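Working through the structure, step by step
Spelled out, the chains give:
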Amino acid sequence: MMDPTSLPPIPQTDPKAGYLAHKPAIDAAIARVLASGWYIGGAEVAGFEAGFAAFAGLDHAIGCANGTDALVLALRGLGIGRGDRVATVSHTAVATVAAIELAGAEPVLVDIDPATYTLDPASLARTLAALPGIRAVIPVHLYGHPADLPAILELARAHDLKVIEDCSQSHGAMLDGRMTGGFGDVACFSLYPTKNLGALGDGGVLATKDPVLAERIRALCEYGWRERYISDIAGLNSRLDPIQAAILSAKLPHLAADNARRRAIAERYDRGLAGLTPALTLPVRRPGAVPVYHQYVVRHADRDALRQALGRQGIGTNIHYPMPVHLQPAYQGRIVLDPKGLPETERAATAILSLPMYPGLADDQVDRVVVALRESMAVARVA
Ligand SMILES: *Cc1c(COP(=O)(O)O)cnc(C)c1O
């Protein structure tokens, strides 16, 4: 067999490949903005917002500075802040929880369903029954897999909760024939470079079908202005940069194909790794879900050894995320949790591993990852 170390390493993600795949269009887009003399807002931002709203199947899209701000703006736009509690998961990017505190509200963290790694409606129901003051819920479509929206929406209706979908990993994911992001009151997307739709820098966007909410969020983004220099409400500054908007407009037409490629990669992993179950747990798909595989996450009892063995064979991996938010130094001991604790969240963090996943990953690279995993599990005798 060929020495695997002689082959180029395979990164876990590769945002530069996303640039090179569309380099002429992106270079032209940047040059166009530079030549225009218009460096804040304007036609490039409006053009991206219109294109993204059409993609999301929602009437209104509002660009902002990043995904964290999108969540803050959504909460503030819905009038949620001081004195309010907001439920979400601990198994997420820290930004989801940070945004709740940045909006002045108090996070309440619930457990996940261990099969899909998304919010467990039973944990949410228990927490709503035990704790007063919860006014909103933020389901996260983690790894590009839709959360259990029907169950979450039913609880939201019963408890009069606003629903903010954190779509930062799920641009284009569908559930029951509908695009995620259109189920709740408002959807928030990060456009961080490695996301399914990524800028070449920071960016974020919100989408909603509610025209009043959209108008309020748009004002909040720019000092609370409805009329220039007159702050109607107390706002902030969170704008999508026109250069990033132009880059995103060049990339948006390829998002559906990129997502399809991610699904094809996931299916190739599924087939190649089927023989390694049950020691290796593969991603599962909720019935009715069309995920977009922001990550392809496996689970193994000896995750750290497996990760090291893969690294020795040039296979890049990552852990999303190694420490639940409620156990991180900034949050530990002061965050309200499901009264039964978060056992599935804590268990998942010890065993999850994200394999290489990005649209530019070639079939033969996927196959190399599969072979390396097989060999790692045999050699480490962790199977
Ligand atoms: C990336 C991400 C965010 C934060 O986005 P930024 O653009 O980095 O602020 C929020 N939530 C989730 C689930 C994410 O993956």
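Our subject is the structure that appears above.
Read on for a plain summary of the structure. (Residues numbered from 1 in each chain as written. Predicted model: local features only at pLDDT ≥ 70, side-chain atom pairs only at ≥ 80, totals over all residues. Heavy atoms only, no water.)

**A look at the packing of aromatic side chains**
Here is the rule: Between the rings of Phe, Tyr and Trp (Trp by its six-membered ring), a pair exists once the centres lie within 6.5 Å; its type follows the angle of the planes, with under 30 degrees stacked, over 60 edge-to-face, and the other angles tilted.
Tallied over the entire structure, the rule returns 8 aromatic pairs. Ring centres 4.8 Å apart and planes at 65 degrees place the aromatic pair Y223 and W225 in the edge-to-face group. Residues W225 and Y229 carry aromatic rings whose centres are separated by 5.3 Å and whose planes lie at 70 degrees to one another, so their mutual orientation is edge-to-face. A network of ring pairs unites the aromatic residues F48, F52, F55 and F189 as a single cluster.

**A short note on the environment of L310**
Convention followed: Counting from the N terminus, the helices are the DSSP runs of H or I reaching at least four residues and the strands are the DSSP runs of E reaching at least two. Residues are treated as being in contact if the distance between any of their heavy atoms lies within 4.5 Å.
Examined against the element boundaries, L310 turns out to sit in helix α11 (residues 303-312). Along the chain, L310 and M377 lie 67 residues apart, while their C-alpha atoms are 9.5 Å from each other. Here L310 is in contact with I315, T317, L353, A372, L373 and S376, once residues within four sequence places are set aside.

**Remarks on the sheet that holds strand β6 (residues 174-175)**
Which entries qualify depends on this criterion: Should DSSP find at least two bridges between two strands, the strands are regarded as paired.
The 3 strands are arranged β7-β6-β13 in an open sheet whose pairing can be described as antiparallel. Every interior strand has two partners, whereas the edge strands, β7 (178-179) and β13 (289-290), have only one. Across 2 bridges, β6 lies against β7 in antiparallel orientation. From the neighbouring strand, M174 faces β7, where its bridge partner is M179.

**Topic: the environment of R261**
As a reminder, the rule being used: Using a 1.4 Å probe on the protein chains alone, a residue whose accessible area is under 20% of its type maximum counts as buried, one over 50% counts as exposed, and one in between counts as partly exposed. Any pair of N or O atoms that falls within 3.5 Å is considered a polar contact. Within protein, one atom must be able to donate a hydrogen and the other to accept it, and sequence-neighbouring residues count only if both atoms are side-chain atoms.
Mapped onto the elements, R261 comes out in helix α10 (residues 255-273). Taking the relative accessible area as the measure of exposure, R261 reaches 23% and is therefore partly exposed. Along the backbone, R261 and V292 are 31 residues apart, and their C-alpha atoms lie at a distance of 9.1 Å. In contact with R261, other than residues within four places in its own chain, are P359, L361, A362 and D363. Polar contacts involving the side chain of R261 include one to the main-chain carbonyl oxygen of L361, which spans 2.6 Å.

**Observations regarding α11**
The condition is simple: The directions considered for the arc are those from the helix axis to the C-beta atoms.
Listed in full, the buried residues belonging to α11 are R303, L306, A309 and L310. Buried residues along α11 cover an arc of 130 degrees about the axis, so they all sit on one side. Facing away from the buried side of α11, by more than 90 degrees, are the exposed residues Q308 and R312. In the core, the buried residues of α11 are packed alongside β12 (280-281), β14 (296-300), α12 (343-351), β16 (352-355) and α13 (363-379). Downstream of α11 by one or two residues, G314 has phi in the positive range, about 80 degrees.

**Looking at the pattern of salt bridges**
Here is the rule we go by: The rule for a salt bridge is simple: a side-chain nitrogen of Lys or Arg has to be within 4 Å of a carboxyl oxygen of Asp or Glu.
By the definition in use, this model includes 15 salt bridges. In this structure, E101 and R334 form a salt bridge, with 2.9 Å as the shortest nitrogen-oxygen distance. Here E101, found in helix α5 (residues 94-102), pairs with R334, found in the loop between α11 and β15 (336-337); they are 233 residues apart in sequence, far enough to count as distant. A relative accessible area of 45% means that R334 is categorised as partly exposed. A salt bridge links D304 to R303; the nearest nitrogen and oxygen atoms lie 2.8 Å apart. One salt-bridge network, held together by shared partners, links R261, R268, D363 and D367.

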